[in-house]
Amino acid sequence: MVLAADLDDRAAAGDHCQPPLAADVPEEAKKALDDVKAGLKAGERVVLAGGHSLTADARILFRIWAILPMVQWMLDLERHLPVTRNLKLIERLQALSMVVYAPMEAAAYLAMHKILPLSDVVQNELWLWGCRLWAAYVVLDFWHIVEDHRMLRAEAKALERSHGHPTPAGAAEKAMSDDQKATQHLWSQMRARKEALLTQFWVNVGYLPLTVHWSVSTGLISEGWVGVFGVIAGLASWRKQWKA
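Read on for an overview of the structure. (Residues numbered from 1 in each chain as written. Predicted model: local features only at pLDDT ≥ 70, side-chain atom pairs only at ≥ 80, totals over all residues. Heavy atoms only, no water.)

A short note on the pattern of salt bridges
- Counted according to the given criterion, the structure contains five salt bridges.
- Among the salt bridges present, the one from Arg79 reaches Asp76, with a minimum N-O distance of 3.5 Å. Taken together, the positions of Arg79 and Asp76, both in helix 5 (residues 67-79) and three residues apart, correspond to about one turn of that helix.
- On the basis of relative accessibility, which here comes to 18%, the residue Asp76 falls in the buried class.
- One salt bridge in this structure joins Glu147 and Arg150, with 2.6 Å as the shortest N-O distance. Of the two residues, Glu147 and Arg150 are both situated in helix 7 (residues 120-163); the distance of three residues between them amounts to about one turn of the helix. (Salt bridge = Lys/Arg side-chain N within 4 Å of Asp/Glu carboxyl O. Helix = DSSP H or I, 4+ residues; strand = E, 2+ residues; numbered from the N terminus. Buried < 20%, exposed > 50% of the residue type's maximum accessible area, 1.4 Å probe, protein only.)

This is the structure we're talking about:
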């Protein structure tokens, strides 16, 4: 989460984006990409001009090594494609956006430390295009939520036809038959999935204005609105992690 207090003058310093990734990452890639999935967090913004925290440096160095798990995630996606054509397209584009983003961030970071001979102008373009890729990821994630919700509704209708409505929540568990318990469990899973989609929707509501704002060299919204959307994204992300 990024609050207004974490931002400087973009024209002088630039901004750094840390995009979240899809949930369907292979297990070994998840371990290497936890920081990337978390999105921007307070105090982790890298300032291109002037001092930058050791914590931020360490996290970016970690994500440079995460490039290979990102590629592995994209290859694994081709071996385990989603069930619908739209979801296949969405997740392929999301994976591609992150695989392109990661080397751009690494190059900009190494150039910032004078390891690569890139000018300040090129560095800033790399950060900006990184944010644009994150914005594209967020837009695709809205589409992903729509597709997931459509599938969830179809599954709920099928569940209602095959098992009926769930047993009322106030009913005593001892009085339920095994079939009723199984049905109630299935409906509880449906509700949990729906709630997860709604939470992810609010994460994206917070991130979309921020990523678009940071995709433009002059910015588009005030620091106050950056704080508001940062709080929305941060609270929704916190709730998502809490429920996980």
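Some words on the packing of helix 5 against helix 6 (residues 85-112)
- At a minimum axis distance of 10 Å, the contact between helix 5 and helix 6 shows a crossing angle of 165°. The angle between the axes of helix 5 and helix 6 places the two elements in the roughly antiparallel class. The two elements helix 5 and helix 6 cross, and the hand of that crossing is left-handed. Contacts from Ile67, Met70, Val71, Trp73, Met74, Leu77 and Glu78 of helix 5 reach helix 6 at Glu91, Arg92, Gln94, Ala95, Leu96, Met98, Val99, Ala102, Pro103 and Ala106.
- Of the residues assigned to the contact of helix 5 with helix 6, the class counts are 13 nonpolar, one polar and three charged. (Axes fitted to C-alpha atoms, helices over the stretch in contact; angles between N-to-C directions. Parallel < 35°, antiparallel > 145°, perpendicular 65-115°, else oblique. Left-handed = near helix turned anticlockwise from the far one by under 90°. Contact = heavy atoms within 4.5 Å. Nonpolar A, V, L, I, M, F, W, Y, C, P; charged D, E, K, R; others polar.)

Observations regarding a nonpolar patch on the surface
- Residues Leu89, Leu93, Leu96, Val100, Trp143 and Val146 make up a contiguous nonpolar surface patch of roughly 460 Å² in combined accessible area.
- Elements supplying a minimum of two residues to the nonpolar patch: helix 6 and helix 7.
- Tallying contributions element by element places helix 6 first for the nonpolar patch, with four residues.
- Within the secondary structure layout, Val146 lies in helix 7. (Patch = residues over 30% accessible without salt bridge, like charges linked within 9 Å, V, L, I, M, F, W, Y side chains within 5 Å. Areas by Shrake-Rupley, 256 points an atom, 1.4 Å probe, with all protein chains shown as cover.)

Considering unusual backbone geometry
- The phi dihedral of Lys114 is positive, around 65°, even though this residue is not glycine.
- Along the chain, the position of Lys114 falls in the loop between helix 6 and helix 7.

Points about helix 9 (residues 223-243)
- Compared with an ideal rise of 1.5 Å per residue, which puts 21 residues at 30 Å, helix 9 spans 30 Å between its outermost C-alpha atoms and is within 8% of the ideal.
- Those residues of helix 9 that fall on the buried side of the exposure criterion are Val226, Gly227, Phe229, Gly230, Ala233, Gly234, Ala236 and Ser237. (Expected span 1.5 Å × (residues − 1).)

Some remarks on the nonpolar core
- If you look at the biggest cluster of nonpolar residues, it comprises 25 residues, and the most contacted ones within it are Met98, Leu126, Trp134, Tyr207, Leu210 and Trp214.
- If you list the elements that add at least two residues to this core, you get helix 5, helix 6, helix 7, helix 8 (178-214) and helix 9.
- By residue number, the principal contributor to this core is helix 6, which donates eight residues. (Core = buried A, V, L, I, M, F, W, Y, C linked by side-chain atoms within 4.5 Å.)

Take it as geometry only, folks, not as evidence of what the structure does.
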